[in-house]
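So the chains spell out like this:
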Amino acid sequence: MSAIDCIITAAGLSSRMGQWKMMLPWQQGTILDASIKNALQFCSRIILVTGYRADELHNRYVNNANITIIYNPDYALGLLTSVKAAAPSVETAHCFITHGDMPNLNTDIFRKIWALRNNGAILPQHNGIPGHPILMSKSCLMQAVQRPNVSNMRQALLMGEHYFVEMENEEIILDIDTPEDFINAQKSMLKFRKPS
């Protein structure tokens with residue numbers, strides 16, 4: 001397997017959920033455990049960005065050799081600040097970005113997107129709805145985080161070389177922001193899980 005870094009953002013307040021979602025139970029662990037485990041089945045290293053309740057996440061993952069933990073002191077200012085905090089730690093030619101609240105992404109999704117890698121950003125979507133993981137070259141990532149006057153990562157990527165990829169995998173748009181999302185994602189997990 002190639003060396004592939006994956007930035008996973010887990011810094012937010014979970015304000016729409018009403019409780020901290022990263023440590024909500026999921027299968028044998030938590031939502032964030034599942035998101036990390038899935039990414040590590042394809043990627044060689046996770047760059048985990050923490051913010052809110054950072055100490056808990058640090059203590060949980062600090063002894064995992066495949067996880068580099070980056071604290072984002074500006075996490076309250078939004079997701080773009082987390083990507084900016086992580087970007088200098090990327091060591092591989094290409095890197096994925098996804099969220100800690102997307103526990104249904106699987107190896108097949110990472111593989112499909114990886115096969116399309118180029119010098120720009122690969123932006124997956126399902127029925128036209130933007131999804132994750134995003135894949136980009138390191139140079140594309142560094143350009144994006146240095147753009148002035150942008151309010152979010154997507155806006156920054158759209159200003160550079162980018163390619164939309166329509167995928168049939170509904171999992172790429174299932175992040176967990178609300179209690180209703182959590183229930184729907186659990187139902188979806190049973191639907192997506194393939195017989196072993």
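In this text the structure is predicted, and so the values were computed from the model without any measurement.

## Remarks on the pairing of strand 6 (residues 94–99)
Link 1 in the chain: For strand 6, a buried count of six out of six residues is recorded, marking the element as mostly surrounded by other parts of the structure.
Link 2 in the chain: Covered by surrounding structure in strand 6 are His94, Phe96 and Thr98 together with Cys95, Ile97 and His99, the residues of both alternating faces.
Link 3 in the chain: Bridging between strand 1 (residues 5–10) and strand 6 involves five bridges; their strand directions are parallel. Residue Ile7 lies in a different strand from strand 6, and its bridge partner there is Ile97.
Link 4 in the chain: Where strand 6 lies against strand 9 (residues 134–137), four bridges are found, and the strand directions are antiparallel.

## A closer look at the pattern of salt bridges
Link 1 in the chain: In the structure shown here, the tally under the stated rule is four salt bridges.
Link 2 in the chain: When the shortest N-O distance is used, the salt bridge between Glu56 and Arg53 registers 2.7 Å.
Link 3 in the chain: For Glu56, a relative accessible area of 38% gives the class partly exposed.
Link 4 in the chain: By relative accessible area, Arg53 is classed as partly exposed at 36%.

## Regarding the side chain of Ser82
Link 1 in the chain: Position of Ser82 among the secondary structure elements: in helix 3 (residues 79–86).
Link 2 in the chain: On the basis of relative accessible area, Ser82 is assigned to the buried category, the value being 2%.
Link 3 in the chain: Here Ser82 is in contact with Thr9, Ala11, Val49 and Asn72, once residues within four sequence places are set aside.

## Section: the packing of aromatic side chains
Link 1 in the chain: Inspection of the entire model under this criterion finds five aromatic pairs.
Link 2 in the chain: Ring centres 6.2 Å apart and planes at 85° place the aromatic pair Phe42 and Phe96 in the edge-to-face group. Highlighted residues: Phe42 in the loop between helix 1 (31–40) and strand 4 (45–50) and Phe96 in strand 6, separated in sequence by 54 residues.
Link 3 in the chain: Judged by relative accessible area, which is 9%, Phe42 ranks as buried.
Link 4 in the chain: Residue classification places Phe96 among the buried positions, given a relative accessible area of 0%.
Link 5 in the chain: For the ring pair Phe42 and Trp114, a centre distance of 6.2 Å and an interplane angle of 70° mean the geometry is edge-to-face. Here Phe42 is found in the loop between helix 1 and strand 4, whereas its partner Trp114 is found in helix 4 (residues 107–114), with 72 residues between them in sequence. Neither Phe42 nor Trp114 differs from the other in exposure class; each is buried.
Link 6 in the chain: Following the ring pairs from residue to residue traces out a cluster consisting of Phe42, Phe96, Phe110 and Trp114.

Criteria and thresholds
Residues numbered from 1 in each chain as written. Predicted model: local features only at pLDDT ≥ 70, side-chain atom pairs only at ≥ 80, totals over all residues. Heavy atoms only, no water. Buried < 20%, exposed > 50% of the residue type's maximum accessible area, 1.4 Å probe, protein only. Helix = DSSP H or I, 4+ residues; strand = E, 2+ residues; numbered from the N terminus. Pairing = 2+ DSSP bridges. Salt bridge = Lys/Arg side-chain N within 4 Å of Asp/Glu carboxyl O. Contact = heavy atoms within 4.5 Å. Phe/Tyr/Trp six-rings, centres within 6.5 Å; stacked < 30°, edge-to-face > 60°.

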